[in-house]
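An overview of the molecular structure
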There are 2 protein chains.
Amino acid sequence: MAAGYEHPYAPRDLELPAFVPNFLTTVDILITYATGSILAVLLVWAFSGRYPKLSKTDRIIMCWWAFTGLTHIIIEGYYAFSPRFYQNKTSFYLAEVWKEYSKGDSRYAARDPTIVTVEGITAVLEGPACLLAVLAIAWQRPYRHTIQLAVCLGQLYGCLVYFITAHLLGHGFSVNAVYFWAYFVGANSPWTVIPTLIAVRSWRAISAATAAVARSPGAGSSKKAR
Amino acid sequence: MAAGYEHPYAPRDLELPAFVPNFLTTVDILITYATGSILAVLLVWAFSGRYPKLSKTDRIIMCWWAFTGLTHIIIEGYYAFSPRFYQNKTSFYLAEVWKEYSKGDSRYAARDPTIVTVEGITAVLEGPACLLAVLAIAWQRPYRHTIQLAVCLGQLYGCLVYFITAHLLGHGFSVNAVYFWAYFVGANSPWTVIPTLIAVRSWRAISAATAAVARSPGAGSSKKAR
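Residues numbered from 1 in each chain as written. Chains lettered and ligands numbered in written order. Predicted model: local features only at pLDDT ≥ 70, side-chain atom pairs only at ≥ 80, totals over all residues. Heavy atoms only, no water.

The name an unreviewed UniProt entry gives chain A is EXPERA domain-containing protein, with Spirodela intermedia as the organism.

Have a look at this one:
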């Protein structure tokens, strides 16, 4: 094992050569994330106010898409393409996030191929699609519900893979129960609950539009779209 | 290592206690699968003929959904819940399938948690959804394109996880290049190409319906479904 600090993660025999501990505290990391997220949300709230046709629910959902899209692209994108983040010797924020989060799930530091795969798909495909969803809602594009449903299903599939593989591996990747519940369970649960709610909403909207077209054939040619 | 035959899989040091080799030949296994699939397709083709409103494309796609749904439920469902299939001492067909397929990807015999997870999601969630898609098309339900898109995205996500994790692990799970190309690549490629085609078709159909409703507000209340 190369020279380095002892890592805090479980299991204890996980080898992380040249590991460098966190520089920032948990509170610093969370406050930075919260501040950035609130700024993004406020910006999108202001932007969405320029479209008077949008409902309040639409505007709130746009804020969610901006928040989750930026999280996917910036935070998770950094992880997916930074195999040696735990060796980072600066207090670079994104490396700090993953050094901290690995206390809840050491598969991140260990570079578990499934974690890297799911994070890669999330960052590269779902992240940009989330931002496209913000614009699709603002501009009332005909695919606005389709793209929302698609991203929600991707997020839910990712969560399923994340939780089921941990279960099949017998867990044991958290430093202790606090990190297990706060990071492994807590930090991920919004991405199970919110995509479910939005998926149901978009599913219903699509069904309503399809049913409306079926009731009034004059609304559009249903031959191609049957 | 428990008593048993030597397994044929790669890597050679993979431990499979009490392994029992295939009873059926490759040709037997493929002919059985082909025969069962053709029967299912013919049945659905006949069933779909009772709905004169359906286009030929709809009917062909219904046959695909029946074929892939039964494959997910029966073949992949057996795998997901049979951790010891490679010890099967009879010529039970479903165990034979996976003993044979493992020559193309030994992660199946090795019970790789990611493989088990993806196969479990495919069998339990996507399989029944495929069969529901057959009925949704036949009965022209307003969610017929939504469910098709949802299943296609699930199948594509599963394929991405399957191929990317193999790549990150450095491959080396196939007995030789023939099994790599025939089983690992060949047997899986239909589930990358066909879901892509159907997803695009359903995406367009949903957009067409949504656009039609937007053009003629009388076709349905767009307030809730906005």
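That was the structure; now back to the text.
**So, the relation of the copies chain B and chain A**
In screw terms, the move from chain B to chain A is a rotation of 180 degrees and a rise of 0.0 Å along the axis, fitting with an RMSD of 0.0 Å. Interpreted geometrically, this transformation is the action of a two-fold axis. (Least-squares fit on C-alpha atoms with pLDDT ≥ 70 in both.)

**Brief notes about the UniProt feature "domain: EXPERA" (unreviewed entry) in chain A**
UniProt's feature table lists "domain: EXPERA" (unreviewed entry) at residues 57–199 of chain A, given in the numbering used throughout. The span residues 57–199 of chain A carries 73% helix and 0% strand; its end-to-end C-alpha distance comes to 14 Å. (UniProt positions renumbered as here; feature names shortened; annotations may be inferred. Helix = DSSP H or I, 4+ residues; strand = E, 2+ residues; numbered from the N terminus.)

**Describing unusual backbone geometry**
Negative phi characterises most residues that are not glycine, and trans characterises most peptide bonds. With omega at 0 degrees, the peptide bond leading from A10(A) into P11(A) counts as cis. Among the structural elements, P11(A) can be located in the segment before helix 1 (26–48). Positive phi, close to 60 degrees, is recorded for A18(B), a residue that is not glycine. Along the chain, A18(B) falls in the segment before helix 1 (26–48).

**Considerations on the interface of chain B and chain A**
By a widely used convention, the size of an interface equals the accessible area lost when the partners come together. With 48 residues of chain B in contact, the opposing surface of chain A contributes 48 residues. In total, about 3900 Å² of surface goes out of reach between chain B and chain A, with carbon and sulfur atoms giving 71% of it. Seen at the junction of chain B and chain A, the total is zero salt bridges. Across the chain B-chain A interface, the total number found is two residue pairs in polar contact (both at pLDDT 80 or more). (Contact = heavy atoms within 4.5 Å. Buried area = accessible area lost by both parts, 1.4 Å probe. Salt bridge = Lys/Arg side-chain N within 4 Å of Asp/Glu carboxyl O. Polar contact = N/O pair within 3.5 Å; in protein donor to acceptor, adjacent residues only side chain to side chain.)

**Focus: the side chain of D58(B)**
You can see D58(B) is positioned in helix 2 (residues 56–80). For D58(B), the side chain forms a polar contact with the side chain of R201(B), separated by 3.2 Å.

**A few points about the state of the cysteines**
Across all of its chains, the model carries zero disulfides over all chains by this definition. The thiol of C130(B) is not disulfide-bonded; the next cysteine sulfur, from C152(B), is found 8.3 Å away. (Disulfide = S-S within 2.5 Å.)

**Quick notes on the UniProt feature "transmembrane region" (unreviewed entry) in chain A**
When the UniProt feature table is mapped onto this chain numbering, "transmembrane region" (unreviewed entry) sits at residues 29–48, 60–81, 120–139, 146–168 and 180–200 of chain A. Each end of residues 60–81 of chain A is marked by a C-alpha atom, and these two atoms are 31 Å apart; helix forms 95% of the span and strand 0%.

**Regarding the packing of helix 4 (residues 113–138) of chain A against helix 5 (residues 144–168) of chain A**
Residues and elements named next belong to chain A. Where helix 4 meets helix 5, the closest approach of the two axes is 9 Å, and the angle between their N-to-C directions is 160 degrees. Judged by the inter-axis angle, helix 4 sits roughly antiparallel to helix 5. Here helix 4 and helix 5 pass one another in a crossing that is left-handed. Facing helix 4, whose interface residues are T114, I115, V118, E126, A129, C130, L132, A133, A136 and I137, helix 5 presents R144, I147, Q148, V151, G154, Q155, G158, V161, Y162 and T165. The residue inventory of the contact of helix 4 with helix 5, partitioned by class, reads twelve nonpolar, six polar and two charged. (Axes fitted to C-alpha atoms, helices over the stretch in contact; angles between N-to-C directions. Parallel < 35°, antiparallel > 145°, perpendicular 65-115°, else oblique. Left-handed = near helix turned anticlockwise from the far one by under 90°. Nonpolar A, V, L, I, M, F, W, Y, C, P; charged D, E, K, R; others polar.)

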